[in-house]
Structures are given as C-alpha cells and as structure tokens.
Amino acid sequence: MKEKGIIKVLLPEMASLWQETLSWQPNATQQQLFQKLYELILSGNLQMNLTRITAPVEFWEKHLWDSLRGIAPFLKEVSSLQVKEERINRNALCLRVIDIGTGAGFPGLPVAIALPNCTVTLLDSTRKKIAFLNSLVMQLQLENALALTGRAEEMGRHPLHRENYDLAMLRAVAPASVCAEYALPFLKEGGLAIIYRGQWTDKETKALSPAVEKLGGAIASIERFTTPISNSVRHCLYLRKVGKTPAAFPRPTGVPTQRPL
Ligand code: SAH
C-alpha cells in the first residue's frame, strides 16, 4: 500500500514477547515511533541501499528487538523506574550514548525511542546515510537523537567526543578488537561498550582480552542468546572502561582495520 510516498505496512506490536524477553514493552508513543521509523526506512530504501530486512516481523526481530536486546539491563531499570514513577515522579536514566557505524540507525534509533531521557549520537562515515538519518530524526521529532558524519578514528580524538559518553554501541561494523579501538576512546571512565555479534567463541574472548586491556578496558561480560522468532544465535560483548585510553588510540584512519590489535 502506498500513500503520499509513504509505504504503509503495519509492524506487529508483540507486547507480550517484549515483556517476556526484555521485561519491558513500548508505550503507545513508542509503538507509533517504531511504526513511523519502519515506514520511513522502507521509503528510504527506495532511494538508497539501507537494509535488506524489510518484512514486518523480520524488521521487528532483527532491527527493533535485536537493537534493544543489547541494552536489556537499562530497559529493566527504566521499567522499574516507570513503576515507581507515581511515587518519585522522575526518570533518572540520563545517559550519553553513541552508536558507532550506525548505518540506517541501528541500534541507535530504537535505543533513542526506548530511552527518551538519554541522548543518542548516531555516527557514520557515509554522508548520504547521515543526511537520511537527520531527516528521519526530524520527521520522528526525536529530540534526543543527533546524526553526525565522521570516522570513529577521528571523532574518538575530538575533544567534544573523547571520554564524553556513558555508552558506546556497535553492530556489524568491524572485527571485535577494531570495535573496541573505535569505542573505548569515546567512553568516560566507568562507561560501557556494547559490541553486537552473531557467533562468538571462548577462543575469540581470549584473543580479544589483551587488546581491550591496552585500550583501558576490561571484558565485563559476554551474553549469548537467541532471537525470539527465528531462534538465531547472537552475542553481546560488554566492555567496561576501567582506566584511561592511551593517547595513541584510536590509531589514524584505516589503521585499526589494517592492523587490528
Ligand atoms: N550498525 C548498522 C550498520 C552496519 S553497516 C546495523 O547494524 O544495521 C556498517 C556501517 O559502519 C556502515 O554504514 C559504515 O559506513 C560504517 N562504518 C564503518 N567503519 C566506520 C568508521 N571507522 N567510522 C564510522 N563509520 C564506520
């Protein structure tokens, strides 16, 4: 169905599946935003290559659910705050979040919708994708999201961005040690990097550990899970920034991928 250039296909709500898997579910405003996001991505896909995941249930699972599974601990906190809100009347979860290599806005956009008190910077080196995301953020009237064009290697050295975030997320951007080199410079001490992976092995954890330590981080936990509809295996790596990242990192543009730590 097409109407004024907007493609109308209904996303499933999946309220009980959200609740069972993440102990959270979107409120009516958030559900409307997910729907609008879906429509705008489908429309954008006609102009440029944004995503191959376009069927409603697949979009729900692989883009919305998968993006939010990574921040499950924060969603639990928000849910419990919402329950208490009548008494304390405030939602205290205000984090600075950066999504590095956001592409069509994942995981950053679902996170900005789910955590309205957090500010989310969407970073990508492709100008065209960022122009699309800026128009999408405006159309969704998302006041807590901002899209920026730039390379992680350069932005991670910029005084406005280095050590300025509580949470850095990366999905499908680069090998894990490269993701660590991109992410850790952005984090304040105590901040958390979340690296979204498909398969992952203990051998890879062992190999990643020294690289993370060089960057002032430590592997805090690794979670294995399956997606709730197609039962695909996923992992999230959680890296805690425990010290300063040495000034040598991130190395100049291209070096992290050419010579991974
Ligand atoms: N995170 C999205 C997109 C993954 S595709 C998702 O999971 O759907 C990887 C994206 O990372 C591309 O859009 C690419 O332009 C961007 N990217 C790769 N290396 C980068 C770097 N060093 N700095 C900024 N963006 C980068």
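The rules we used
Residues numbered from 1 in each chain as written. Predicted model: local features only at pLDDT ≥ 70, side-chain atom pairs only at ≥ 80, totals over all residues. Heavy atoms only, no water. Helix = DSSP H or I, 4+ residues; strand = E, 2+ residues; numbered from the N terminus. Rg over C-alpha atoms; globule rule 2.2 N^0.38 Å. Buried < 20%, exposed > 50% of the residue type's maximum accessible area, 1.4 Å probe, protein only. Contact = heavy atoms within 4.5 Å. Areas by Shrake-Rupley, 256 points an atom, 1.4 Å probe, with all protein chains shown as cover. Lys, Arg positive; Asp, Glu negative; His and termini not counted. Charge placed at Lys NZ, Arg CZ, Asp CG, Glu CD. Core = buried A, V, L, I, M, F, W, Y, C linked by side-chain atoms within 4.5 Å. Pairing = 2+ DSSP bridges. Right-handed = clockwise from strand over helix to strand, strands pointing away.

Mind showing me how you'd approach the overall build of the chain here?
If you tally the helices and strands in the chain, you get 10 helices and nine strands. For 261 residues, the compact-globule formula gives about 18 Å, and the C-alpha radius of gyration of the chain, at 18 Å, lands near that figure. The principal-axis extent of the C-alpha atoms belonging to the chain is close to 50 × 45 × 35 Å. Counting the 261 residues in the chain, one finds 52% classified as buried. Restricting to contacts in the chain with at least 6 residues of sequence separation, those with at least 24 account for 69%. Counting every atom, the chain has about 12200 Å² of accessible surface; 53% of that belongs to carbon and sulfur. Averaged over its 31 positive side-chain charges, the chain has a centre that lies 5 Å from the centre of its 23 negative ones.

Whenever I open this one, the environment of Asn 231 confuses me. Can you help?
Among the structural elements, Asn 231 can be located in the loop between β8 (217-226) and β9 (233-241). Not counting chain neighbours up to four residues away, the residues in contact with Asn 231 comprise Glu 61 and Thr 226.

Is there a simple way to think about the nonpolar core in this case?
The nonpolar side chains of a soluble globular protein tend to be buried, and buried together. Core analysis: the largest hydrophobic core is formed by 56 residues, its most contacted members being Trp 18, Leu 37, Leu 68, Ile 71, Leu 115 and Leu 142. Sort the elements by how many residues they give to this core and helix α2 (residues 28-47) lands first, with seven residues. Among residues more than four places away in sequence, those in contact with Leu 115 are Ile 71, Phe 74, Leu 75, Val 78, Leu 93 and Asn 144. Judged by nonpolar contacts, the second largest core, of 27 residues, contains Tyr 165, Val 178, Trp 200 and Leu 239.

Can you help me understand the environment of Asn 164 in this one?
Inspection of the secondary structure puts Asn 164 in the loop between α7 (152-155) and β6 (165-171). Separated by 27 residues in the primary sequence, Asn 164 and Gly 191 place their C-alpha atoms 9.3 Å from one another. Setting aside anything within four residues of it in sequence, one finds Asn 164 in contact with Arg 96, Pro 159, Phe 186, Leu 187 and Lys 188.

Honestly, the pairing of β6 in this entry has me stumped. Any pointers?
The two faces of the sheet receive side chains in turn, since in a regular strand these alternate between them. Counting buried positions along β6 yields six of seven residues, so the element is predominantly enclosed. Of the strand pairs in this sheet, strand β3 (residues 96-100) and β6 are connected by three bridges, and their pairing is parallel. Across the sheet, the residue bridging to Val 97 is Leu 167, located in β6. Pairing geometry for β6 and strand β7 (residues 187-197), over six bridges, is parallel. For Leu 167, the partnering residue across the bridge sits in β7 and is Leu 192. Between the parallel pair β6 and β7, the chain is carried across by helix α8 (residues 176-183), and the sense of this crossover is right-handed.

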